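# Descriptive structure summary
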Amino acid sequence: MGELDIALIVKMIIIGLVQGFTEPIPVSSSGHVMIASEILGLGEQGFTFAILTNTASLFAILYIYRKDIVRLAVNSILYLKTKNLRYKSDFRFVFFIVIGTIPAGVLGILLSDFIAESVSMTTIAVMLFVTGIALWLIRNLRGNKGEADITIKDAFIVGLGQAVALTPGISRSGATIISAVAVGMKQDTALRFSFMLYIPVSLGGVILGLSDFLNEPNKVDLAIPYLAAFIATLLMTYFAMKWFMGIMKNGKLVYFTYYCFIVGALLLMFF
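Right, let's walk through the structure included here. None of the values given here were measured: they were computed from a predicted structure. (Residues numbered from 1 in each chain as written. Predicted model: local features only at pLDDT ≥ 70, side-chain atom pairs only at ≥ 80, totals over all residues. Heavy atoms only, no water.)

### What to know about the packing of helix H4 (residues 50–64) against helix H11 (residues 223–249)
Running from amino to carboxyl end, H4 crosses H11 at an angle of 40°, the nearest separation of the two axes being 8 Å. Between H4 and H11, the interaxial angle falls into the category oblique. In the crossing of H4 with H11, the sense of the turn from one axis to the other is right-handed. On the side of H4, the interface is formed by Leu-52, Thr-53, Thr-55, Ala-56, Ser-57, Phe-59, Ala-60, Ile-61, Tyr-63 and Ile-64, while H11 contributes Tyr-226, Ala-229, Phe-230, Thr-233, Leu-234, Thr-237, Tyr-238, Met-241, Lys-242 and Met-245. In terms of residue class, the contact of H4 with H11 is made up of 14 nonpolar, 5 polar and 1 charged. (Axes fitted to C-alpha atoms, helices over the stretch in contact; angles between N-to-C directions. Helix = DSSP H or I, 4+ residues; strand = E, 2+ residues; numbered from the N terminus. Parallel < 35°, antiparallel > 145°, perpendicular 65-115°, else oblique. Left-handed = near helix turned anticlockwise from the far one by under 90°. Contact = heavy atoms within 4.5 Å. Nonpolar A, V, L, I, M, F, W, Y, C, P; charged D, E, K, R; others polar.)

The following block contains the structure:
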């Protein structure tokens with residue numbers, strides 16, 4: 001393998017690590033992938049394989065929440081069949097996930113081209129400042145709503161937060177967790193609801209982008225770099241998510257406020 005190919009593999013791995021580390025935490029993975037792609041000189045190529053790295057992040061999240069997903073799916077089916085009240089809370093939770101998915105699903109389909117064309121480093125910088133400010137505002141909030149206390153209104157508001165996060169620079173996990181905490185959810189409930197919302201939206205994005213990925217003219221030549229990026233993203237997302245769960249448990253979201261401000265400022269100064 002030539003030197004150029006090795007260099008490309010290294011760059012793809014770096015992008016995968018950036019995607020994997022920033023996907024679970026409230027700092028905008030899409031914005032960071034664009035920043036890293038720009039720095040590494042990957043340009044559009046860096047954006048093209050985002051479908052692949054997003055899929056890797058999705059697999060990692062699915063693995064982490066596999067027991068919850070199976071329980072919710074099984075108990076929801078049992079509730080529909082038996083109407084047994086002991087399965088109702090899980091059925092309601094799945095119903096609220098569906099409600100929360102609607103805003104991002106609709107806007108993602110309608111505005112995907114506009115969002116992609118309107119992105120710049122300045123946009124990402126400004127949106128990072130917005131994310132940082134929002135994180136600062138909810139830094140001391142400690143809600144008391146568990147899964148059984150979520151309402152349709154709560155689910156829709158969190159869904160709107162996810163829709164806002166379609167703009168690169170606005171963190172998806174940040175927007176949904178901020179919205180969930182703002183409507184009174186406990187931090188562990190907010191985290192679980194946020195990433196349960198992530199699953200259908202991410203899966204939808206993968207399905208919609210599959211044709212573009214399959215029609216990629218260089219996918220055979222890029223098979224090894226793509227595979228390296230996929231593995232790097234998968235592993236990094238898993239470890240970053242586990243780390244972020246600890247951050248949420250200790251109520252230290254405010255640290256990400258400072259990070260967003262610093263990165264936003266650096267983007268405005270150097271790009």
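Next comes the rest of the account.
### Looking at the packing of aromatic side chains
Considering all chains together, one arrives at 11 aromatic pairs under this definition. Following the ring pairs from residue to residue traces out a cluster consisting of Phe-21, Trp-243, Phe-244 and Phe-256. Seen from the ring of Tyr-63, Arg-66 lies directly overhead, with NZ or CZ sitting 4.0 Å from the centre. Across the ring face of Tyr-79, the terminal group of Lys-83 is positioned such that the distance to the ring centre comes to 5.8 Å. (Phe/Tyr/Trp six-rings, centres within 6.5 Å; stacked < 30°, edge-to-face > 60°. Lys NZ or Arg CZ within 6 Å of the ring centre and 35° of its normal.)

### A look at helix H2 (residues 29–40)
Between its first and last C-alpha, H2 extends 16 Å over 12 residues, near the 16 Å set by a 1.5 Å rise per residue. With respect to burial, H2 is a largely interior element, 9 of its 12 residues being buried. For H2, the set of buried residues is Ser-29, Gly-31, His-32, Val-33, Met-34, Ile-35, Ala-36, Ser-37 and Leu-40. A distance of 3.1 Å separates the backbone nitrogen of Gly-31 from a side-chain oxygen at the start of H2, and that oxygen is part of Ser-28. Positive backbone phi, at 75°, marks Gly-41, one or two positions downstream of H2. (Expected span 1.5 Å × (residues − 1). Buried < 20%, exposed > 50% of the residue type's maximum accessible area, 1.4 Å probe, protein only. Polar contact = N/O pair within 3.5 Å; in protein donor to acceptor, adjacent residues only side chain to side chain.)

None of this, on its own, says anything about what the molecule does.
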